[in-house]
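Okay, here's what each chain looks like letter by letter:
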Amino acid sequence: MTFTSYEEFWPYYVAMHSRAATRWIHLTGTLTGLAVTAYGLARGRRRYLAALPLIGYGTAWPAHFLIEGNNPATFGHPAWSLRGDAQMIRMMLAGRDAELDEIARKWLAENPCQGRPPVADF
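Residues numbered from 1 in each chain as written. Predicted model: local features only at pLDDT ≥ 70, side-chain atom pairs only at ≥ 80, totals over all residues. Heavy atoms only, no water.

End to end, helix H2 (residues 20–42) covers 33 Å across 23 residues, agreeing with the expected 33 Å (1.5 Å per residue, within 8%). Listing the buried residues of H2 in full gives Ala20, Thr22, Arg23, His26, Leu27, Gly29, Thr30, Gly33, Thr37 and Gly40. Of the residues flanking the end of H2, it is glycine 44, one or two places downstream, whose phi is positive at about 75°. (Helix = DSSP H or I, 4+ residues; strand = E, 2+ residues; numbered from the N terminus. Expected span 1.5 Å × (residues − 1). Buried < 20%, exposed > 50% of the residue type's maximum accessible area, 1.4 Å probe, protein only.)

Structural data, given as structure tokens:
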């Protein structure tokens, strides 16, 4: 899909994370990657910088294939996906996961032919 702005992309991004399990795996992988990276930097071990993308994407991408049944939005929109991931995680940490659920449901209802299975939470 093509988008002209991040604001247009955002509901799509959330819809590609329609299941709570996918969102929580993203959050866990990202925060773990950040923690390992911070630890490495605090210890002066620059190689730990690789932890964020390896752990973050290494946990997030399989969730798309195995839970959502879709491809990561990162493949088509890497910069906006990174921004979307940060926004999604901030909302989750603020207790706004139900709001993300509603954004996903609305987008999927308005765009039913996106080649993905119906939304069902685990």
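As a further point, take the pattern of salt bridges. Taken as a whole and judged by the stated rule, the model has five salt bridges. Its salt-bridge partner being glutamate 99, residue arginine 96 comes within 2.9 Å of it at the nearest N-O pair. Residue classification places arginine 96 among the partly exposed positions, given a relative accessible area of 37%. Across the salt bridge formed by aspartate 101 and arginine 105, the nearest N and O atoms sit 3.5 Å from each other. Placement of the pair is aspartate 101 and arginine 105 together in helix H5 (residues 97–110), with a separation of four residues, close to one helical turn. Within the structure, one salt-bridge network assembled from shared partners comprises Arg23, Asp97, Asp101 and Arg105. (Salt bridge = Lys/Arg side-chain N within 4 Å of Asp/Glu carboxyl O.)

Feature annotation in UniProt assigns "transmembrane region" (unreviewed entry) to the following positions: residues 24–42. For the annotated span residues 24–42, helix accounts for 100% and strand for 0% of the residues, and the straight-line distance between the end C-alpha atoms is 27 Å. (UniProt positions renumbered as here; feature names shortened; annotations may be inferred.)

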